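Here is what each chain is made of, one letter per residue.
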Amino acid sequence: QVQLVESGGGLVQPGGSLRLSCAVSGSIVRINAMAWYRQAPGKEREWVSTIISGGSTGYADSVKGRFTISRDNLKNLVYLQMNSLKPDDTAVYYCNADIFSSIGTHNYWGQGTQVTVSS
């Protein structure tokens, strides 16, 4: 089965940086797109950034200019470089992928990694 595992979260001071990673494993034919979402306590999960197979990227206004999404196709990894972090960035960050495999095209979620921005 396809699995997504996030890593790289932790505690960081305001203005600091973190890089999140998402590793995809399993019987993969093609990764159509990968994205990052986040969810703060008491709030709905929100979209953060997306990268598609052609390399195009998109960002939520709240992170534009501070976050950068990238991927390593050979290793099936996607990254989220987060700079100039703010307390409002505190959330569980989830990796999401649209993947075509032997059983068809499906959307998958990782378990999430906690990012806490605090002094």
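For the structure itself, look to the data block above.
What this report covers is the structure whose coordinates are included nearby. (Residues numbered from 1 in each chain as written. Predicted model: local features only at pLDDT ≥ 70, side-chain atom pairs only at ≥ 80, totals over all residues. Heavy atoms only, no water.)

## So, the environment of Leu85
Note that Leu85 resides in the loop between β8 (77-82) and β9 (91-101). A C-alpha to C-alpha distance of 8.0 Å links Leu85 and Val12, two positions 73 residues apart in sequence. Here Leu85 is in contact with Val12, Pro14, Gly15, Gly16, Ser17, Leu18, Arg66, Phe67 and Val117, once residues within four sequence places are set aside. (Helix = DSSP H or I, 4+ residues; strand = E, 2+ residues; numbered from the N terminus. Contact = heavy atoms within 4.5 Å.)

## Remarks on the nonpolar core
Grouped together as the largest cluster of nonpolar side chains are 30 residues, with contacts concentrated most on Leu4, Met34, Trp36, Leu80, Met82 and Tyr93. Going through the elements one at a time, β3 (18-25), β4 (30-39), β5 (46-52), β7 (67-72), β8, β9 and β11 (113-117) are the ones with two or more residues in this core. Among the elements that take part in this core, β9 stands out by supplying five residues, more than any other. The residues touching Leu80, leaving out its near neighbours within four places in the chain, are Leu18, Arg19, Leu20, Trp36, Val48, Ser49, Phe67, Thr68, Ile69 and Tyr93. (Core = buried A, V, L, I, M, F, W, Y, C linked by side-chain atoms within 4.5 Å. Buried < 20%, exposed > 50% of the residue type's maximum accessible area, 1.4 Å probe, protein only.)

## Regarding the side chain of Ser101
With respect to the element layout, Ser101 can be found in strand β9. Here Ser101 falls in the buried class, since its relative accessible area comes to 4%. Each residue touching Ser101, except ones within four places of it in the same chain, is listed here: Ser27, Val29 and Tyr108.

## A look at the environment of Gly16
Relative to the helices and strands, Gly16 resides in the loop between β2 (10-12) and β3. The exposure class of Gly16 is buried, given its relative accessible area of 18%. Here the alpha-carbon distance between Gly16 and Leu85, two residues 69 residues apart in the chain, equals 5.5 Å. If we skip the residues at most four places from it in the chain, Gly16 touches Met82, Asn83, Ser84 and Leu85.

## A closer look at the pairing of β5
Of the strand pairs in this sheet, β4 and β5 are connected by six bridges, and their pairing is antiparallel. For Ala35, the partnering residue across the bridge sits in β5 and is Thr50. Between the antiparallel neighbours β4 and β5 lie six residues, among them Gly42 with a positive phi of about 80°. Bridge analysis of β5 against strand β6 (residues 57-59) gives three bridges, and the strand direction is antiparallel. When the bridges of β6 are listed, Ile51 appears paired with Thr57. In this antiparallel pair of consecutive strands, β5 and β6, the connection spans four residues, and Gly55 shows a positive phi of 100°. (Pairing = 2+ DSSP bridges.)

## Observations regarding the packing of aromatic side chains
Overall, the coordinates contain two aromatic pairs when judged by the stated rule. Clustering of aromatic rings is evident, with ring pairs tying together Tyr37, Tyr94 and Trp109. The ring of Tyr94 is capped by Arg45, whose NZ or CZ atom sits 3.7 Å from the centre of that ring. Geometry around Trp109 places Arg45 over its ring, the cationic atom sitting 4.7 Å from the centre. (Phe/Tyr/Trp six-rings, centres within 6.5 Å; stacked < 30°, edge-to-face > 60°. Lys NZ or Arg CZ within 6 Å of the ring centre and 35° of its normal.)

Geometric descriptors of this kind do not, in isolation, establish any biological role.
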